[in-house]
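# Per-entry structural report
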Amino acid sequence: MLVRFAGLGLGAATLTTVAAASGNTNADVLTSSNDVSSFMAEPVTPLSTLVKDKDDMKVKMEMLIMKVQADFCRALENEEDPSKKFIVDRWTRAEGGGGVTCVIQNGKTFEKAGVNVSVVHGILPVDAVRQMKARGKELIGKELPFFAAGISSVIHPSNPHVPTVHFNYRYFEVTQEKGEKMWWFGGGTDLTPYYLVEEDVRHFHSTLKKACDQHDAGYYPKFKKWCDEYFLVSHRNECRGVGGIFFDDFEMHSQEDCFKFVKSCAESVIPSYVPLVKKHRNDPYTSAERDWQLLRRGRYVEFNLVYDRGTKFGLHTPGARIESILMSLPVHAKWEYMHSPSDGTPEAKLTEILKNPKEWI
């Protein structure tokens, strides 16, 4: 089902009606965090639940990611041909929950831009439990009730001089066999240029560092290092891109403090990336530069299909929506046998950085 609810009166008025039915006043409900009128589609969770449980972290995370999705989609549409808008696909999952997938494909600026929100719940399958235990989660039980809410986006630009960006922010709850609840956050933002412009990379990292430093000066160096390690394409012995930040199993402070940190990171995506799109979207490029872009996209695909945790979790989740999980894959990519850039070229310069990550700020 393809829908677009933004601007159709879904938001404040609807919530007011729900609030009246539940005995809440407008002041309780009509805050910026509860106004859904600007979202790309209706939230996954029923509006009555959003009002009743507005202080529950599950609701707060859903409202955050729906807003981030709308803000980012509109920022990207501003850089695209005016006739090209996001297709909005609101979907439901029989096992519980659903999501909103927004995609632009074959645009002038963006060959493929996907921004996906998912809010799902149900029983965590055995394979997913096994994966979580493998990375240190002490989960008791074989099939456990879970809730997961997250936003994930990958932007594949048309112009090789505009980098690809990926970001993902998520919240997870698992109910143990004896009723104990575990929760954690995860996420990150990272950049994959095809041609290295160090000024752009410094801008990107500086923006992420500013978001991290609002909460803890130690976060950026820690999560920058984690990003370099996580996005390693091991079989190629090179990183997917020039990094950013990455963290998982984030539960070291109060739930509210963790949420505020994730919010700051998610809200830094637009200022970190969109200026790079504005700067380079009309740069001239050659067919050889386009070929290099397609070869680098092939490496991007290799990482996403072989190593990415989110892809693995999605594919192991019953009722998984494959189109949304594989939204991150580009329309076009390329592989050549034993390809290696010539010494002294811009392509070789990028390759050297990917094999030897550096500090940018």
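Parameters and conventions
- Residues numbered from 1 in each chain as written.
- Predicted model: local features only at pLDDT ≥ 70, side-chain atom pairs only at ≥ 80, totals over all residues.
- Heavy atoms only, no water.
- Helix = DSSP H or I, 4+ residues; strand = E, 2+ residues; numbered from the N terminus.
- Buried < 20%, exposed > 50% of the residue type's maximum accessible area, 1.4 Å probe, protein only.
- Contact = heavy atoms within 4.5 Å.
- Areas by Shrake-Rupley, 256 points an atom, 1.4 Å probe, with all protein chains shown as cover.
- Pairing = 2+ DSSP bridges.
- Axes fitted to C-alpha atoms, helices over the stretch in contact; angles between N-to-C directions.
- Expected span 1.5 Å × (residues − 1).

## Observations regarding the overall build of the protein
When helices and strands are tallied, the protein shows 13 helices and nine strands. The buried share of the protein, reckoned over its 361 residues, is 53%. Taking the intrachain contacts of the protein between residues at least 6 apart in sequence as the baseline, contacts between residues at least 24 apart amount to 72%. For the protein, the accessible surface area stands at approximately 15900 Å², while carbon and sulfur atoms represent 53% of it.

## Quick look at the sheet that holds strand 4 (residues 144-157)
On the basis of which strands lie adjacent, the open sheet formed by seven strands has the order 1-2-3-4-5-6-9 and antiparallel pairing. Only two strands of the sheet have a single neighbouring strand rather than two, namely strand 1 (87-92) and strand 9 (243-250). The sheet shows a mean angle of 10 degrees between the axes of neighbouring strands, direction not considered. Inspection of the sheet shows strand 4 paired to strand 5 (residues 164-175) by ten bridges, in the antiparallel sense. Its bridge partner being in strand 5, Ile 151 is matched across the sheet by Tyr 169. Its contacts with the sheet place helix 6 (residues 198-213) against strand 5, strand 6 (181-192) and strand 9, and it is angled at close to 30 degrees to strand 9.

## Examining unusual backbone geometry
The phi dihedral of Asn 237 falls on the positive side, at around 55 degrees, and the residue is not glycine. Residue Asp 249 is not a glycine yet carries a positive backbone phi of 50 degrees. Mapped onto the fold, Asp 249 is located in strand 9.

## Quick look at helix 6
It helps to recall that an α-helix has 3.6 residues per turn; residues three or four apart then point in one direction. Taking 1.5 Å per residue, 16 residues should reach 22 Å; helix 6 reaches 22 Å between its end C-alpha atoms and fits that length. Elements in contact with the buried residues of helix 6: strand 5, strand 6, helix 7 (219-230), strand 9, helix 8 (255-267) and helix 9 (269-280).

## Concerning the pairing of strand 6
A large share of strand 6 lies buried, amounting to ten of its twelve residues. Strand direction decides the pairing type here: strand 5 and strand 6, joined by twelve bridges, are antiparallel. Counterpart to His 166 in the pairing with strand 6 is Asp 190. Count of turn residues in the strand 5/strand 6 antiparallel hairpin: five residues, of which Gly 179 carries a positive phi of about 95 degrees. Note that strand 6 and strand 9 share six bridges and pair antiparallel. What sits directly across from Thr 189, in strand 9, is Ile 245.

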